[in-house]
Amino acid sequence: MDFDHITRPLTDAEAKAEAERIIARSFQPETPVRHMPTSFRDNTPLPAYGDTPPVHQDDKRIVPAWAAGIAVASIGVGAGITGIGCGAWLVLQGLASVTLYGVLMVTLPFAGVAMVATAIGGAINKARSAVTNNVYEAPVVQNTQINNTSNQRGMFSRTRNDVR
């Protein structure tokens, strides 16, 4: 490509030739891209009656290993997500129908955990409590004298019992 016209202006003849070249190239049809044939013609004669026997068709497609791996992985991820979605839908459907059985089914795991926690706490409490057998060997004296004092003044009264 000639870049001389950048440093100097084009003459009228050069400008006309350049314009014709650009227009001709932009309206020129592109050369067609040659593709692989997508059909197969079988020239074997057809039988007079009955089914046509199968004909082997060569498969010339090449699938890269990474593309096959991505396809298998995407199928696996899609199946897994579908399973999780179905499970969530079932759980939410069960929670949406508020019945006695539904409420019991939701609270049953929590009640089980609370029962186990209570049993473990009771066992730990029993294990920690000390066993004491207090045996007193001194004489026991029972004193039954009661000192009863009563004061009444006006509307209020006060009674005091002292056991000595």
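Keep in mind the model is a prediction, meaning the values are calculated, not measured. (Residues numbered from 1 in each chain as written. Predicted model: local features only at pLDDT ≥ 70, side-chain atom pairs only at ≥ 80, totals over all residues. Heavy atoms only, no water.)

## Quick look at the overall build of the protein chain
Of regular secondary structure, the protein chain possesses four helices and two strands. Starting at the N terminus and walking to the C terminus, you meet the elements of the protein chain as α-α-α-α-β-β. By the burial criterion, 1% of the 164 residues in the protein chain qualify as buried. Partitioning the intrachain contacts of the protein chain with sequence separation of at least 6 by distance along the chain shows that 0% fall at a separation of at least 24. Carbon and sulfur atoms form 62% of the exposed surface of the protein chain, whose accessible area is close to 16500 Å². (Helix = DSSP H or I, 4+ residues; strand = E, 2+ residues; numbered from the N terminus. Buried < 20%, exposed > 50% of the residue type's maximum accessible area, 1.4 Å probe, protein only. Contact = heavy atoms within 4.5 Å. Areas by Shrake-Rupley, 256 points an atom, 1.4 Å probe, with all protein chains shown as cover.)

## Section: helix 4 (residues 100-128)
Compared with an ideal rise of 1.5 Å per residue, which puts 29 residues at 42 Å, helix 4 spans 40 Å between its outermost C-alpha atoms and is within 8% of the ideal. The largest bend along helix 4 reaches roughly 40° and is located at threonine 107, with the proline proline 109 sitting one to four residues downstream. (Expected span 1.5 Å × (residues − 1). Bend = angle between axes of the 7 residues up to and from the residue.)

## So, the pattern of salt bridges
Across all of its chains, the model carries one salt bridge by this definition. One salt bridge in this structure joins glutamate 18 and arginine 21, with 2.4 Å as the shortest N-O distance. In this pair, glutamate 18 and arginine 21 both sit in helix 2 (residues 12-26), three residues apart, roughly one turn of the helix. (Salt bridge = Lys/Arg side-chain N within 4 Å of Asp/Glu carboxyl O.)

## Remarks on a nonpolar patch on the surface
A contiguous nonpolar patch, built from Val91, Leu92, Leu95, Val106 and Phe110 and spanning about 490 Å² of accessible area, is present on the exposed surface. Broken down by element, the residue count for the nonpolar patch peaks at three residues, all from helix 3 (residues 65-96). Position of leucine 95 relative to the elements: it lies in helix 3. Given a relative accessible area of 41%, leucine 95 falls into the partly exposed group. (Patch = residues over 30% accessible without salt bridge, like charges linked within 9 Å, V, L, I, M, F, W, Y side chains within 5 Å.)

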